[in-house]
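So you can see what is in the structure, the chains are spelled out below.
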Amino acid sequence: MTVQQTELEYLPSDLERELLPKHVAVIMDGNGRWAKSQGLPRIMGHKRGVDSLRNLLRTCRDWGVGALTAYAFSTENWKRPEEEVEFLMSLFKHVLRQELREMMQEDVQIRFVGNLEALPLVLQEEITHATEKTKENKGIKFTVATNYGGRLEIIHACRAIAEKVQQGLLQPDDIDESVFEKHLYTVGICDPDLLIRTSGEMRISNFLLWQIAYSEIYITDTLWPDFDRNEFHRALRAYQQRERRFGKV
Ligand code: FPP
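All of the points below concern the structure found in this document. All residue numbers refer to position in the chain's written sequence, counted from 1. Totals for whole chains, interfaces and linings use all residues, but because this is a predicted model, local features are given only for residues with pLDDT of at least 70 and pairs of side-chain atoms are given and counted only at 80 or more. Note: side-chain values were computed over all heavy atoms of the structure, leaving out hydrogens and water.

**Topic: the overall build of the chain**
Link 1 in the chain: In terms of regular secondary structure, the chain is built from seven helices and six strands.
Link 2 in the chain: Beginning at the N terminus, the succession of helices and strands in the chain can be written as β-α-α-β-α-β-α-β-α-α-β-β-α.
Link 3 in the chain: Put simply, the radius of gyration uses C-alpha atoms, and a globule should come to 2.2 Å times the residue count raised to 0.38. Taking 2.2 N^0.38 as the reference for a compact globule, 249 residues should give roughly 18 Å; the C-alpha atoms of the chain span a radius of gyration of 18 Å, in line with that estimate.
Link 4 in the chain: Partly exposed residues are those whose accessible area sits between 20% and 50% of the maximum for their type, while under 20% is buried and over 50% is exposed, using a 1.4 Å probe and protein chains only. Counting across all 249 residues of the chain, residues that qualify as buried make up 49%.
Link 5 in the chain: For the chain, the computed accessible surface area is about 13,300 Å², with 50% contributed by carbon and sulfur atoms.
Link 6 in the chain: Asp and Glu count as negative and Lys and Arg as positive, but His and the ends of the chain are not part of the count. Taken as the charge centre is NZ of Lys, CZ of Arg, CG of Asp or CD of Glu, depending on the residue. Taken as two groups, the 33 positive and 38 negative side-chain charges of the chain have centres that lie 2 Å from each other. Only DSSP runs of H or I covering at least 4 residues are called helices, and only runs of E covering at least 2 are called strands; the numbering of each starts at the N terminus. Per-residue and other accessible areas follow the Shrake-Rupley method at a 1.4 Å probe size, with only the shown protein chains counted as cover for residues.

Written out as structure tokens, the structure reads:
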């Protein structure tokens, strides 16, 4: 995903820089409903969804949010009609290929989380290429959850830890939160401070189950293709009004 070369837009004056989330995660829901409302096929909603995601990435960069994670495809999304799944896989591949140059220019570091081995080979190659190429970039960390499921991620982590115990590399007593986190797909990325979900659904849908333990959740009725800079501004304003206690009084 790319942030275009335009003048930086500064943080709106009613937002406090020190209280910005360091990491925003987003469940991009409502593409199909948006397309239907416009009398268009569902896939057009996904195409427009790419524009919203590009704009959000750019806004995060402009305003100083250091990390963005987007839920692009869940382990359950394979159950969608075959043409839609094929379209999405091909869309991911094309978008990645098209936008890599700008990602380099904008210093975006992209990575993918999920069960990537089950993705089409051509997409896996594109993912490896983009990840390798941008890995030294120092700008915004952009994570795309593709064929991602929170439960599966936890199971993968348990298996990896069990293997280490079996090999004598780790003792059961050594397993704590910090060891566990090192076996998640998201190792090295801080937990999201803010989770945004569009289209009014009040669900987590198997997204970042471990990582959102203390995230603030913001749900808007706006459909993902309509989620723009003003909507993000509203979400950040709501976030800055929350009192985050992390279990303390
Ligand atoms: C949910 O809306 C959206 C998706 C399952 C796909 C999201 C993917 C993109 C926006 C493309 C991102 C591209 C890259 C390269 C990361 P829905 O179809 O469930 O909408 P509905 O609930 O209205 O049917």
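There is more to say, and it comes next.
**Thoughts on the pattern of salt bridges**
Link 1 in the chain: Only one rule defines a salt bridge in this text: a Lys or Arg side-chain nitrogen within 4 Å of an Asp or Glu carboxyl oxygen. Under the defined criterion, the tally for this structure stands at 16 salt bridges.
Link 2 in the chain: A salt bridge links Arg33 to Glu201; the shortest N-O distance between them is 3.2 Å. Note that Arg33 is positioned in helix H1 (residues 31–37) and Glu201 in the loop between strand S5 (194–197) and strand S6 (216–219), a separation of 168 residues in sequence.
Link 3 in the chain: Classification of Arg33 by relative accessible area gives partly exposed; the value is 37%.
Link 4 in the chain: The salt bridge involving Arg234 is made with Glu231; its shortest N-O contact spans 3.2 Å. Of this pair, Arg234 and Glu231 both sit in helix H7 (residues 229–241), three residues apart, roughly one helical turn.

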